[in-house]
Amino acid sequence: MLQGWLDWHRQTLVGKCAGLTAEQLRTAAVEPSNLTLLGLLRHMTDVERAWFRQRAAGNPDLPDLYGTPEQPDADFENVATADAAADHAAFLAELPLADAAVAGLPLEAEFINPRGKTMSVRWVYLHMIEEYARHNGHADLLRERIDGVTGD
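Here the structure is a predicted model, which means the values were calculated and not measured. (Residues numbered from 1 in each chain as written. Predicted model: local features only at pLDDT ≥ 70, side-chain atom pairs only at ≥ 80, totals over all residues. Heavy atoms only, no water.)

Draft legend 1. Broad picture of a nonpolar patch on the surface. Taken together, the side chains of Met 1, Trp 5 and Trp 8 define a hydrophobic patch exposed on the protein surface, amounting to about 440 Å² of accessible area. Inspection of the secondary structure assignment puts Trp 8 in helix α1 (residues 2-17). With a relative accessible area of 44%, Trp 8 lands in the partly exposed category. (Patch = residues over 30% accessible without salt bridge, like charges linked within 9 Å, V, L, I, M, F, W, Y side chains within 5 Å. Areas by Shrake-Rupley, 256 points an atom, 1.4 Å probe, with all protein chains shown as cover. Salt bridge = Lys/Arg side-chain N within 4 Å of Asp/Glu carboxyl O. Helix = DSSP H or I, 4+ residues; strand = E, 2+ residues; numbered from the N terminus. Buried < 20%, exposed > 50% of the residue type's maximum accessible area, 1.4 Å probe, protein only.)

Draft legend 2. Inspection of the environment of Arg 26 at higher detail. Take Arg 26: it is sitting in the loop between α2 (22-25) and α3 (37-56). Put simply, Arg 26 and Gly 39 are 13 residues apart on the chain and 7.4 Å apart in space, counted from C-alpha to C-alpha. Excluding residues within four positions of it along the chain, Arg 26 makes contact with Thr 36, Leu 38, Val 79, Ala 80, Thr 81, Ala 82 and Ala 84. (Contact = heavy atoms within 4.5 Å.)

Draft legend 3. Spatial organisation of unusual backbone geometry. Cis geometry is adopted by the peptide bond preceding Pro 32, which originates at Glu 31 and carries an omega value of 5°. Note on placement: Pro 32 falls in the loop between α2 and α3.

Draft legend 4. Spatial organisation of the layout of surface pockets. The computed volume of the largest pocket comes to approximately 370 Å³. Contributions of two or more residues to the lining of the largest pocket are made by α3 and α4 (74-77). Ranked by residue count, the leading element in the lining of the largest pocket is α3, at 6 residues. (1 Å grid on protein atoms, 1.4 Å probe; cavity = no way out; pocket = protein on both sides within 12 Å on 5 of 7 lines; lining within 4 Å. Points joined across faces, edges and corners; volume = space filled by probe spheres on them.)

Following this line, the structure appears as structure tokens:
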């Protein structure tokens, strides 16, 4: 059930980005926010990687794709010249890697997060569903302001 809800939310974000040009994906459509659909895709790529691969599966040396220590919000901030097609492909490529990283782990498997807190794989699934739900709400507003599309 957790995987099903996670997959549904992942596809919802993909759907919100479907059919738009690179420029539309880079558009901050809800002023004064600089949030964009491309920024959301980039952010969720790094979030998938961080929670499933770096933390739950124990691969802390796997680098983020966008954020850096000097610019932790680069996923959202550096979209003006970003390659939307490459970023979309990176998001789609990260999903099966994230799934595979935890496929053999029981939901009760625990790890220590970077702040020293013990967490479980179950918590990661619940957090990711919440993270997508929140950002899919943002994506709804962005998409509607860009071209009027609403719905799933």
